[in-house]
Amino acid sequence: MTDAIRIDTSEVIKIDNRIGQIELMRGDFIARNMQALGRRLAYLMRQSVKENRYTGALEEGIVSEFDASGLRLEVGSTAKRGRWDAGELLERGTGPIPNVPFSIIKAWEEFK
């Protein structure tokens, strides 16, 4: 039988050991790259809110958090305006505000 394939078990064991090492390295590879991705996304978010800078709290409050156990990456703002999220206020606005003292604002405008 000249066309037969000969498989040596020592070679199979070597391949099996390498596959096991790849599985261990995969988690480290993902963690490193997700952390780098988080830093980059946080930087890009800071750049996008920079034009709306008032105190800088929103820009400085943008952080990335990576949970290696669940392979979960979160990028967002921790800044608050009172009890509201500053990033959400910037994105969506405040909506209608009831009982705004327009007479005081009008008097101030006329004074200017």
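Predicted model, so just to flag it, every value in this text is computed and none were measured.

> If you had to explain the overall build of the chain to someone new, which residues and values would you point to?
Each helix and strand counted, the chain has 4 helices and 4 strands in total. Each of the 112 residues in the chain was classed as buried or not, and the buried ones make up 12%. With an accessible surface of roughly 10000 Å², the chain has 56% of that area assigned to carbon and sulfur atoms.

> Describe the side chain of Glu59, naming the residues involved and giving the relevant values.
Structurally, Glu59 can be placed in helix H2 (residues 57-60). For Glu59, a relative accessible area of 12% translates into the label buried.

> Please set out unusual backbone geometry residue by residue, giving values where relevant.
The backbone phi angle of Leu71 is positive, close to 50°, even though this residue is not glycine. Note that Leu71 resides in the loop between strand S1 (62-67) and strand S2 (72-77). On the basis of relative accessible area, Leu71 is assigned to the partly exposed category, the value being 43%.

> If you had to explain the pairing of S2 to someone new, which residues and values would you point to?
Two elements, S1 and S2, share 6 bridges in a ladder whose sense is antiparallel. In the sheet register, Ser64 faces S2, and the bridge partner there is Val75. The antiparallel hairpin formed by S1 and S2 contains 4 residues in its connecting segment, where Leu71 sits at a positive phi of about 50°.

> Please provide a residue-by-residue account of the environment of Leu89, values included.
With respect to the helices and strands, Leu89 occurs in helix H3 (residues 86-92). Those residues within four positions of Leu89 in sequence are excluded, and the remaining contacts are Arg81, Trp84 and Thr94.

> If you had to explain the pattern of salt bridges to someone new, which residues and values would you point to?
Inspection of the entire model under this criterion finds 4 salt bridges. A salt bridge links Arg72 to Glu74; its shortest N-O distance comes to 2.8 Å. The class for Glu74 is partly exposed, based on a relative accessible area of 41%. Here Lys106 makes a salt bridge to Glu110, at a shortest N to O gap of 3.8 Å. A residue pair is termed a helical-turn pair when its members lie 3 or 4 positions apart in one helix, as Lys106 and Glu110 do in helix H4 (residues 102-111) at 4 residues.

Criteria and cut-off values
- Residues numbered from 1 in each chain as written.
- Predicted model: local features only at pLDDT ≥ 70, side-chain atom pairs only at ≥ 80, totals over all residues.
- Heavy atoms only, no water.
- Helix = DSSP H or I, 4+ residues; strand = E, 2+ residues; numbered from the N terminus.
- Buried < 20%, exposed > 50% of the residue type's maximum accessible area, 1.4 Å probe, protein only.
- Areas by Shrake-Rupley, 256 points an atom, 1.4 Å probe, with all protein chains shown as cover.
- Pairing = 2+ DSSP bridges.
- Contact = heavy atoms within 4.5 Å.
- Salt bridge = Lys/Arg side-chain N within 4 Å of Asp/Glu carboxyl O.

These values are about where atoms sit, not about what they do.
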